[in-house]
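Tertiary structure, described
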Amino acid sequence: MNGNVLFDIQGLKKNFGEVEVLKGIDQKIEKGEVVVVIGPSGSGKSTFIRCLNLLEEPTGGKIFFEGVDIMSKETRANLHREKVGMVFQQFNLFNNLSVLDNVTVSLRKVKKMPEQQAKDKAMALLARVGLADRADSYPSQLSGGQKQRIAIVRAMALDPDVMLFDEPTSALDPEMVGEVLKVIRDLASEGVTMVVVTHEMGFARNVATRVLFMDGGVIAEEGTPEQIFDHPQNPRTQDFLSKVINVI
Amino acid sequence: MSTVANIFANYYQYFLRGTRTTIVVSLVTVFFGALVGCVIALLRISKFKPLSAFAKLYITVLRGTPLLVQLYIVYYQLNFIHYPSGQFLGVELARVIPCIIALSLNSGAYVAEIIRAGIQAVDFGQTEAALSCGMTYPQCMWNIVLPQAIKNILPAIGNEFVTMVKETSIIQYLGISDLMYNNGIVVTSTYNPLPCYYISALIYLTLNIVLGKGLNIFEMRLKQSER
Ligand SMILES: Nc1ncnc2c1ncn2[C@@H]1O[C@H](COP(=O)(O)OP(=O)(O)OP(=O)(O)O)[C@@H](O)[C@H]1O
Ligand SMILES: [Mg+2]
């Protein structure tokens, strides 16, 4: 087996009641990959990446992370999640905490890091996204773009082995999309492994090392950005791309 | 108006004695009611089905039956208990304890629903974010959800306290000499009920206005300590 495989996903299924939303997904995600997931609304993209950090409990198949079966009873979900950062469409910052505390709270409570050390680490990360001067602000005082950059810093603070992004720019005003995509692009160029669900096709083409096209609960097509965007083979991929490219 | 003043001047000890009992019983009930409410709310949001089902049933029953009926059921059902004899601030313990139990159990059901609603008003995305940062569910509750829920909960609990002060008036039926009980004594000796009820109404109103002001100050303090 390849020692670089982070996620080894085998026949992953997810039902919500009677409805089968994921119908058997097989994927290997390796260290350093930037996997971009595209596809129509309702195809199961969110459900798929939420299964990867167990926010959704899969109903079938297996997921190995760094060789460990994360669906086994022995695996503690919270320990797995320390290694998997997640960024949400709606930012989900902690409204009762300052920007600084949003970033340090998991370092202090989960990693038991001393206060000062956590603060230093958080300030360094905030400086990297240009928000060190907002450390004492509260989420309600920030723009959407600022919130999302802080959400990214919050997830990065734990030094995760992989980052998951679920439509990180979909809730943003258009003029703020760029600043958030830049932060993600920077992380990608530093070699951070990530899985990104997005509707930003230009971004997908630029940063992806591999593109997955999801449709109806399966991965209908996958390949390099060139393969998917320039020479899609599956008619459903062609159809989807013609629609989203037309919109742009 | 002059009869109101007259009656109060002649019988004020009765009203004051009753008021003292009402205040003591209200305070004790509010305390234990909040305690019961926290426990029931915890059970209610528990992922363990039997516990949350029990809490749900508890809330349904206690909110779906009259307080007076509950009071009598508790009184007769628990008559095997040997309550401590003696008095506290002029109230006979053996009589008042079952009242406090009944009122607290009842209040707990309402408080539990208040707490649950307050927790649910905190958007679930923050819980998911906290979990995705590696927090356990209790860590997430304690550090993220409850500090925000408390802001929804406290005002509603304040209203519940005010309701409680008024509802304690039913303990007169078990012969506790609270405000309404003493009101009855004065009515019997003066043969003039209306002024007596006006006096009692004024006293209840005063109690609740003072309580409301106190809660307001408390909430302001809490808001200031937020930022
Ligand atoms: N908690 C849930 N309970 C029931 N059904 C759900 C739940 N979450 C998602 N679904 C259903 O599963 C399907 C896939 O949803 P999912 O959110 O994964 O799609 P998506 O590809 O992320 O779509 P979008 O682009 O709109 O975000 C949808 O039909 C949705 O209605
Ligand atoms: Mg989605």
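1. Considerations on the overall build of chain B
Counting secondary structure elements, chain B contains eight helices and two strands. For chain B, the α and β elements follow one another from N to C terminus as α-α-α-β-β-α-α-α-α-α. Sequence-distant contacts, at least 24 apart, represent 73% of the contacts inside chain B between residues at least 6 apart. Distance from the positive charge centre (15 side chains) to the negative charge centre (9 side chains) of chain B: 1 Å.

2. Regarding the pattern of salt bridges
Residues and elements named next belong to chain A. Scanning the entire structure with this criterion turns up 17 salt bridges over all chains. The partner of Glu190 in a salt bridge is Arg128, with the nearest N and O atoms 3.0 Å apart. Of the two residues, Glu190 sits in the loop between helix 6 (174-189) and strand 8 (194-197) while Arg128 sits in helix 4 (residues 115-128), which places them 62 residues apart along the sequence. A salt bridge links Asp239 to Lys243; its shortest N-O distance comes to 3.1 Å. Taken as a pair, Asp239 and Lys243 lie in helix 9 (residues 235-247) at a separation of four residues, close to a single helical turn. Using a relative accessible area of 51% as the deciding quantity, one classes Lys243 as exposed. Here the residues in one salt-bridge network are Glu33, Arg210 and Glu222, joined through shared partners.

3. A word on the sheet that holds strand 4 (residues 60-65) of chain A
Residues and elements named next belong to chain A. Here four strands make up an open sheet; going across it, the order is 2-1-4-5 and the pairing antiparallel. Only two strands of the sheet have a single neighbouring strand rather than two, namely strand 2 (19-30) and strand 5 (68-69). Of the pairings in the sheet, the one linking strand 1 (residues 5-16) to strand 4 comprises five bridges and is antiparallel in character. The residue of strand 4 that forms the bridge with Lys13 is Gly60.

4. So, the sheet that holds strand 7 (residues 162-166) of chain A
Residues and elements named next belong to chain A. Strands sit in the order 6-7-8-3-9-10 across an open sheet of six strands; the sheet is mixed. The open sheet has two free edges, formed respectively by strand 6 (84-87) and strand 10 (218-223), since each of these has just one partner strand. Sheet twist, expressed as the average angle between the axes of neighbouring strands with direction ignored, equals 20 degrees. Packing against the sheet, helix 1 (residues 45-52) makes contact with strand 3 (34-38), strand 6, strand 7, strand 8 and strand 9 (210-215), and its axis sits at approximately 155 degrees to strand 7.

5. What to know about the confidence of the model for chain B
Overall, the prediction assigns chain B a mean pLDDT of 91, with 98% of residues at 70 or greater. The ipTM assigned to the predicted complex is 0.93, against a pTM of 0.85.

6. As for the interface of chain B and chain A
Counting residues at the interface gives 19 residues for chain B, matched by 24 residues for chain A. Of the roughly 1800 Å² buried between chain B and chain A on both sides combined, carbon and sulfur atoms contribute 55%. Here chain B and chain A share one salt bridge between them. Inspection of the region where chain B meets chain A yields six residue pairs in polar contact (both at pLDDT 80 or more). Every element with two or more residues in the side of chain B that touches chain A is listed here: helix 5 (124-132) and helix 6 (137-167) of chain B. For the side of chain B that touches chain A, the leading source of residues is helix 5 of chain B, giving seven residues. Residue composition of the side of chain B that touches chain A, grouped by class: seven nonpolar, eight polar and four charged.

7. Here we look at the site of ligand 1
All names here are of chain A. Taken together, Phe16, Val21, Pro40, Ser41, Gly42, Ser43, Gly44, Lys45, Ser46, Thr47, Glu167 and His199 make up the full set of residues near ligand 1. Within the side chain of Ser41, a nitrogen or oxygen atom sits 2.6 Å from an oxygen atom of ligand 1. One of the side-chain N or O atoms of Thr47 is found 2.5 Å from an oxygen atom in ligand 1. The protein chains hide 56% of the 630 Å² of surface that ligand 1 would expose on its own. Per-element accounting of the shell around ligand 1 gives the leading share, three residues, to helix 1. Looking at the shell around ligand 1 residue by residue, the class counts come to three nonpolar, seven polar and two charged.

8. Topic: helix 3 (residues 99-109) of chain A
Residues and elements named next belong to chain A. Within helix 3, nine of the 11 residues are buried, which leaves the element mostly enclosed by the surrounding structure. Those residues of helix 3 that fall on the buried side of the exposure criterion are Val99, Leu100, Asn102, Val103, Thr104, Val105, Ser106, Leu107 and Arg108. Check the buried side of helix 3 and you find it contacts helix 4 and helix 5 (144-156).

9. Quick look at the packing of aromatic side chains
Residues and elements named next belong to chain A. Using the criterion set out here, one finds eight aromatic pairs over all chains in the structure. Summarising the aromatic geometry, the rings of Phe213 and Phe240 are spaced 5.3 Å apart at their centres and angled 40 degrees between planes, so their arrangement reads as tilted. Taken as a pair, Phe213 in strand 9 and Phe240 in helix 9 lie far apart in primary sequence, 27 residues in all. There is no split in this pair, since Phe213 and Phe240 are both buried.

10. Details of the pairing of strand 3 of chain A
All names here are of chain A. Counting buried residues in strand 3 gives five out of five residues, a clear majority hidden from the surface. Burial along strand 3 is two-sided: the face carrying Val34, Val36 and Ile38 and the face carrying Val35 and Val37 are both buried. With four bridges connecting them, strand 3 and strand 8 associate as parallel partners. Each bridged residue has a counterpart across the sheet, and for Val37 the counterpart in strand 8 is Val197. With four bridges connecting them, strand 3 and strand 9 associate as parallel partners. Counterpart to Val37 in the pairing with strand 9 is Leu212.

11. Considerations on the packing of helix 5 of chain A against helix 6 of chain A
Residue and element names in this part refer to chain A. It is at 8 Å that the axes of helix 5 and helix 6 come closest, and there the two elements cross at 20 degrees. Of the possible angle classes, the one that applies to helix 5 and helix 6 is roughly parallel. The way helix 5 lies across helix 6 gives a crossing that is right-handed. The residues of helix 6 that touch helix 5, namely those facing Gly144, Gly145, Gln146, Gln148, Arg149, Ile152 and Met156, are Met176, Glu179, Val180, Val183, Ile184 and Leu187. Looking at side-chain class alone, the contact of helix 5 with helix 6 contains seven nonpolar, four polar and two charged residues.

Cut-offs applied
- Residues numbered from 1 in each chain as written.
- Chains lettered and ligands numbered in written order.
- Predicted model: local features only at pLDDT ≥ 70, side-chain atom pairs only at ≥ 80, totals over all residues.
- Heavy atoms only, no water.
- Helix = DSSP H or I, 4+ residues; strand = E, 2+ residues; numbered from the N terminus.
- Contact = heavy atoms within 4.5 Å.
- Lys, Arg positive; Asp, Glu negative; His and termini not counted.
- Charge placed at Lys NZ, Arg CZ, Asp CG, Glu CD.
- Salt bridge = Lys/Arg side-chain N within 4 Å of Asp/Glu carboxyl O.
- Buried < 20%, exposed > 50% of the residue type's maximum accessible area, 1.4 Å probe, protein only.
- Pairing = 2+ DSSP bridges.
- Axes fitted to C-alpha atoms, helices over the stretch in contact; angles between N-to-C directions.
- pLDDT = per-residue confidence, 0-100.
- Buried area = accessible area lost by both parts, 1.4 Å probe.
- Polar contact = N/O pair within 3.5 Å; in protein donor to acceptor, adjacent residues only side chain to side chain.
- Nonpolar A, V, L, I, M, F, W, Y, C, P; charged D, E, K, R; others polar.
- Near = heavy atom within 4 Å.
- Areas by Shrake-Rupley, 256 points an atom, 1.4 Å probe, with all protein chains shown as cover.
- Phe/Tyr/Trp six-rings, centres within 6.5 Å; stacked < 30°, edge-to-face > 60°.
- Parallel < 35°, antiparallel > 145°, perpendicular 65-115°, else oblique.
- Left-handed = near helix turned anticlockwise from the far one by under 90°.

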